[in-house]
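Below, each chain spelled out in residue letters.
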Amino acid sequence: PVVTAVGATEFSGAVGSEEVAVSNFGSGGGFSTMFPAPDYQKLAVQEYLQSQQGKLPPEGSFAPGGRATPDISLLGDDYVVVLNGA
């Protein structure tokens, strides 16, 4: 299957601060527990996981051998939209 997940971010503090994944609801991509990683993803995923040592969720909370699902994220929680100045 070909999948792109759509996620949301929020500011970590004041407006304009670093964007982080939302914490109020599930969001974004990850690794499939149903489909194994295809050969063309294996090296990229391995390199990514190695580069993120110490920053990853606890072992067992995601399937690093599963098909990687990329995500597209943008501000989607806890911010104000102003339309026509109101």
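Above this text you will find the structure in question.
Scoring rules and cut-offs
- Residues numbered from 1 in each chain as written.
- Predicted model: local features only at pLDDT ≥ 70, side-chain atom pairs only at ≥ 80, totals over all residues.
- Heavy atoms only, no water.
- Helix = DSSP H or I, 4+ residues; strand = E, 2+ residues; numbered from the N terminus.
- Rg over C-alpha atoms; globule rule 2.2 N^0.38 Å.
- Buried < 20%, exposed > 50% of the residue type's maximum accessible area, 1.4 Å probe, protein only.
- Contact = heavy atoms within 4.5 Å.
- Areas by Shrake-Rupley, 256 points an atom, 1.4 Å probe, with all protein chains shown as cover.
- Pairing = 2+ DSSP bridges.
- Axes fitted to C-alpha atoms, helices over the stretch in contact; angles between N-to-C directions.

(A) Geometry of the overall build of the protein chain. When helices and strands are tallied, the protein chain shows 1 helix and 5 strands. Counting from the amino terminus, the protein chain carries its helices and strands in the arrangement β-β-β-α-β-β. By the compact-globule yardstick of 12 Å for 86 residues, the protein chain is too spread out, its C-alpha radius of gyration being 16 Å. With respect to the three principal axes, the spread of C-alpha positions in the protein chain is 50 × 30 × 20 Å. Evaluated residue by residue, the protein chain yields a buried proportion of 21% over its 86 residues. Look at the contacts in the protein chain between residues 6 or more apart in sequence, and 66% of them connect residues 24 or more apart. Entry remark: accessible area of the protein chain is about 6500 Å², with carbon and sulfur atoms responsible for 57%.

(B) Main features of the side chain of Ser-32. Here Ser-32 lies in strand β3 (residues 30-36). For Ser-32, a relative accessible area of 16% gives the class buried. Apart from the residues lying within four places of it in its own chain, the contact partners of Ser-32 are Ala-63, Gly-66 and Arg-67.

(C) Region of the structure containing the sheet that holds strand β1 (residues 5-11). The 3 strands are arranged β2-β1-β5 in an open sheet whose pairing can be described as mixed. Of all the strands in the sheet, just β2 (19-21) and β5 (71-75) have a single pairing partner and so form its edges. Neighbour-to-neighbour, the strand axes of this sheet turn through a mean angle of 40°, independent of strand direction. Pairing analysis gives 5 bridges linking β1 to β5, with the strands arranged parallel. Bridged to Ala-5 within β5 is Asp-71.

(D) Highlighting the environment of Gly-26. Considering the arrangement of structural elements, one finds Gly-26 in the loop between β2 and β3. The class for Gly-26 is exposed, based on a relative accessible area of 76%. Considered as a pair, Gly-26 and Gly-7 are 19 residues apart in the sequence and their alpha carbons are 8.2 Å apart.

(E) Main features of unusual backbone geometry. Positive phi, normally seen in glycine, also occurs at Asn-84, with a value near 55°. Look at Asn-84 and you get exposed, because its relative accessible area is 77%.

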